[in-house]
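# Close look at the chain arrangement
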Amino acid sequence: MQDIHNMSQLTSADLELARAFPEGFLWGAATASYQIEGGAFEDGRGSSIWDDFSATPGKVFQGENGNVAADHYHRLAEDTELMSSLGLGAYRFSIAWPRILPEGRGAINNAGLDFYDRLVDGLLAKGITPYVTLYHWDLPSPLQQEGGWVKRETAFAYADFAEVVAKRLGDRVTNWITLNEPWCSAYLGYGIGIHAPGVQDRQAALDAGHHLMLGHGLAVPRIRAHSAPNSQVGITLNLAHVYANDERPETQRDVALADAFSNRWFLDPILRGHYTEGFFEQLGLNAPPVQDGDLATISTPIDFLGVNNYTRLLVKGNTERIPLADQVSLVAPIPSACYTEMGWEVYPNGLRDLLLRLTKDYAVSKLYVTENGAAFKDAWNGNGHVSDPRRVDYLRTHIAGLAEAIQQGAPLRGYFVWSLMDNFEWAEGYSKRFGIVYIDYPTQKRVVKESGYWYAGLLKAFNQAH
Ligand SMILES: OC[C@H]1NNC[C@@H](O)[C@@H]1O
């Protein structure tokens, strides 16, 4: 691998930026099982709701699926070497529940555990710290056939799964993330149905969200029980800072609604032990089936909050009617702004402002940015590397915001770029590329993009400064 730490990619300002971060700050990259692994029918892996959703005509771009993806299942050595060559301090990945418990509960598939054993050992051998997400959306199909996350029993099945994994990996894994983005699982999967399992029922979204959070709370002590004393357990939420487009009262009202729906729906139960006042009424829905003790379980103390952030929300108040919390109108694309291939505004201060808000409003002892990145049109001409200056600029400006947030008191301990490599972007299939490494799917060749070289150079400059 050619000198990947080619710091000539960096400006003097970049070198200054690297030095702005405190000693011990963690630099990593993130992926998820269904998005990169492939090996969908191998070694006892069961089916997930994303296998089923992908196989349903019309659900995923061009009918694409995760059967092969980036073939990571067969490329552990190559990919851990790639991570090492980039100089990553940590790697965030997720465990495919259907590899471990093909039926969702009951019989353990040891070949599935063996795969993650090999991955963890490979990372540790290269000095890369594993950050393990236990659930990144690939619910075993049999559990969905019983109702999935709208059923309370799924929360208990999840906690059992978490314990099985912690028992096997807890002697080496000390950083655990229970769930990735339960908001997406609940609202995109059960509310509007653009994600698996494709249910369109807003009440079901509330019920699923509650049981996802319950599963989180049930799992935390069981993970701790099988992990080393210095382990830390947290959860990753997708959050976005909400801005007012103007000073009108209806805009202020809608900013609060958007914040409740996008952020506080999960932040408040997990970090404050209660749902946001009036939230269900604002949605025009009933409360989910909360049982005595649930909120105490859901708000069990955690060691860090993982924050996934890509853009901001800019709200312009509705005048003609009182909107529902999930129907607030966002400002139309701003001509002067930049947008990624996902249609998300590039607004670097949004990540900084989000971290500062969390620090001010919630008693979080530690924060990690567990995902941040961008999809742009990346092309590879079959040789050399992939030029992606817009992604370099996206990373540079968002990382600069992190330094400001830390300076202003945010307890930020690390950053994981999304993503290590191009991968299956859910309903968008492979049409959207988020990687700092390009995947040529026909050949499965890994090609480090300009952003990958830049990120590697930044990490090298950071390490040299400490
Ligand atoms: O949309 C980009 C990413 N967002 N967070 C969850 C990941 O699975 C997505 O690929």
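We now turn to the structure provided with this report. (Residues numbered from 1 in each chain as written. Predicted model: local features only at pLDDT ≥ 70, side-chain atom pairs only at ≥ 80, totals over all residues. Heavy atoms only, no water.)

### Some points on the overall build of the chain
Formally: Numbering of helices and strands runs from the N terminus; a helix is a DSSP stretch of H or I covering at least four residues, while a strand is a stretch of E covering at least two. Just to be clear, the radius of gyration here is over C-alpha atoms, and the globule rule we use is 2.2 Å times residues to the power 0.38. Burial classes: relative accessible area under 20% of the type maximum marks a residue as buried, over 50% as exposed, and values in between as partly exposed (1.4 Å probe, protein chains only). Only heavy atoms enter the contact rule, under which two residues are in contact if any of them lie within 4.5 Å. Per-residue and other accessible areas follow the Shrake-Rupley method at a 1.4 Å probe size, with only the shown protein chains counted as cover for residues. Charged-residue counts in this description rest on Lys and Arg as positive and Asp and Glu as negative, His and the chain ends being excluded. To locate a charge, take atom NZ for lysine, CZ for arginine, CG for aspartate or CD for glutamate.
A tally of helices and strands in the chain yields 16 helices and 12 strands. In terms of overall size, the chain behaves like a compact globule, its C-alpha atoms giving a radius of gyration of 21 Å where 466 residues would be expected to give roughly 23 Å. Along the three orthogonal principal directions, the C-alpha set of the chain runs to about 60 × 55 × 45 Å. Residues counted as buried form 62% of the 466 residues belonging to the chain. Contacts in the chain between residues at least 24 apart in sequence constitute 79% of all its contacts with a sequence separation of at least 6. Carbon and sulfur atoms make up 51% of the accessible area of the chain, which amounts to about 16,600 Å² in all. Across the chain, the centroid of the 39 positively charged side chains sits 2 Å from that of the 54 negatively charged ones.

### A look at the site of the ligand
Definition in use: We define proximity as follows: a residue is near a molecule or strand when any one of its heavy atoms falls within 4 Å of that partner. Polar contacts, as used here, are pairs of N or O atoms within 3.5 Å; protein pairs need one atom able to donate a hydrogen and one able to accept it. Residues neighboring in sequence count only if both atoms are side-chain atoms. Note that Gly is not counted as nonpolar here; it falls among the polar residues with everything else outside the nonpolar set of Ala, Val, Leu, Ile, Met, Phe, Trp, Tyr, Cys and Pro and the charged set of Asp, Glu, Lys and Arg.
If you check the shell around the ligand, you find Gln35, His136, Trp137, Asn180, Glu181, Tyr310, Trp344, Glu371, Trp418, Glu425, Trp426 and Phe434 and nothing else. Within the side chain of Glu181, a nitrogen or oxygen atom sits 2.7 Å from a nitrogen atom of the ligand. Trp426 is positioned with one of its side-chain polar atoms (N or O) 2.8 Å from an oxygen atom of the ligand. When the residues that make up the shell around the ligand are grouped by side-chain class, the tally is six nonpolar, three polar and three charged.

### Observations regarding the packing of aromatic side chains
Note the threshold: For Phe, Tyr and Trp, where Trp contributes only its six-membered ring, two rings pair if their centres lie within 6.5 Å, and the inter-plane angle classes them as stacked under 30 degrees, edge-to-face over 60, or tilted in between. When the NZ atom of lysine or the CZ atom of arginine is within 6 Å of a ring's centre and also within 35 degrees of its normal, the charge is said to sit over that ring.
Summed over the entire model, instances satisfying the criterion amount to 45 aromatic pairs. Taking 6.1 Å as the distance between ring centres and 55 degrees as the angle between the ring planes, the aromatic pair formed by Trp149 and Tyr158 counts as tilted. You'll find Trp149 and Tyr158 in the same group, each marked buried. Measuring from ring centre to ring centre gives 5.8 Å for Phe261 and Trp265, while their planes differ by 20 degrees; the resulting arrangement is stacked. Separated by four residues within a single helix, Phe261 and Trp265 lie in helix α11 (residues 249-272), roughly one turn from each other. Neither residue differs from the other here; Phe261 and Trp265 are each classed as buried. Here a set of aromatic residues connected by ring pairs shows up, and it is made of Tyr34, Trp50, Phe53, Trp137, Phe424, Trp426, Tyr430 and Tyr441. Here the basic side chain of Arg312 rests over the ring of Tyr347, its NZ or CZ set 3.7 Å away from the ring centre.

### Comments concerning the side chain of Lys432
As for its position among the elements, Lys432 is in the loop between β10 (412-418) and β11 (437-440). On the basis of relative accessible area, Lys432 is assigned to the buried category, the value being 13%. Side-chain polar atoms of Lys432 contact the side chain of Glu428, separated by 3.2 Å. Sequence-distant contacts of Lys432, defined by excluding residues within four places in its chain, comprise Glu341, Met342, Ala375, Asn423 and Glu425.

### Overview of the packing of helix α6 (residues 110-125) against helix α8 (residues 152-169)
Put simply, the rule is: Each axis is a line fitted through C-alpha atoms, and for a helix only the stretch in contact is used; angles between axes span 0 to 180 degrees, taken between their N-to-C directions. Working rule for angles: under 35 degrees goes down as roughly parallel, over 145 as roughly antiparallel, 65 to 115 as roughly perpendicular, anything else as oblique. Crossings are assigned a handedness: left-handed for a near helix turned anticlockwise from the far helix by less than a right angle, right-handed for a clockwise turn.
Following both chains from N to C, one finds α6 and α8 inclined at 50 degrees, their axes separated by 10 Å at the closest point. In this view, α6 runs oblique relative to α8, as classed from their interaxial angle. α8 is crossed by α6, and the crossing has right-handed handedness. In this structure, α6 contributes Asn110, Leu113, Asp114, Tyr116, Asp117 and Val120 to the contact, and α8 contributes Val164, Val165, Arg168 and Leu169. Class assignment of the residues belonging to the contact of α6 with α8 gives a composition of six nonpolar, one polar and three charged.

### Things to note about the pairing of β10
Applicable threshold: For two strands to pair, DSSP has to find at least two bridges joining them. Crossovers are described as right-handed under a simple rule: with the strands pointing away from the observer, the path leading from the first strand over the helix to the second runs clockwise.
Counting buried positions over the seven residues of β10 gives six, a clear majority of the element. Direction of pairing for strand β1 (residues 26-30) relative to β10: parallel, over a ladder of five bridges. Bridging from a neighbouring strand, Ala30 pairs with Trp418 of β10. With four bridges joining them, strand β9 (residues 367-372) and β10 adopt parallel strand pairing. Within β10, the residue paired with Val369 across the bridge is Tyr415. Note on the crossover from β9 through helix α15 (residues 389-407) to β10: the handedness is right-handed.

### Things to note about the sheet that holds β9
Read once around its circumference, the closed barrel built from eight strands follows the order β1-β2-β3-β4-β5-β7-β9-β10, with strand pairing classed as parallel. Put simply, the sheet's adjacent strands are angled 25 degrees from each other on average, direction ignored. In the sheet, strand β3 (residues 129-135) pairs with strand β4 (residues 175-180) via three bridges, with the strands oriented parallel. For Tyr135, the partnering residue across the bridge sits in β4 and is Leu179. Its contacts with the sheet put α15 on β1, β9 and β10, and the angle it makes with β10 is roughly 170 degrees.

### Digging into α6
For the record, the criterion: Multiplying one less than the number of residues by 1.5 Å gives the expected span of a helix.
With 16 residues, α6 extends 22 Å from end C-alpha to end C-alpha; this agrees with the ideal 22 Å at 1.5 Å per step. Among the residues making up α6, those that are buried are Gly112, Leu113, Phe115, Tyr116, Asp117, Leu119, Val120 and Leu123. Looking at the buried side of α6, the elements it contacts are α2 (33-36), α4 (76-86), β2 (90-94), α5 (97-100), β3 and α8. Just past α6, the residue Gly127 takes up positive phi, approximately 75 degrees.

### Regarding unusual backbone geometry
A cis amide bond links Ala196 with the next residue in sequence, Pro197, at an omega value of 10 degrees. Assignment of secondary structure puts Pro197 in the loop between α9 (182-191) and α10 (202-224). For the bond running from Trp418 to Ser419, omega is 15 degrees, close enough to zero to count as cis. Mapped onto the secondary structure, Ser419 falls in the loop between β10 and β11. The phi dihedral of Gln62 is positive, around 55 degrees, even though this residue is not glycine. Residue placement: Gln62 occurs in the loop between α3 (49-54) and α4.

### Remarks on the nonpolar core
To keep things clear, this is the line we draw: In these notes, a set of buried Ala, Val, Leu, Ile, Met, Phe, Trp, Tyr and Cys residues joined through side-chain atoms within 4.5 Å is what counts as a nonpolar core.
The biggest cluster of nonpolar side chains holds 158 residues, and the ones touching the most others in it are Trp265 and Ile399. If near-sequence neighbours (up to four positions away) are discounted, Trp265 is found in contact with Trp183, Ala186, Tyr187, Ala205, Leu206, Met213, Ala260, Tyr275, Thr276 and Phe279.

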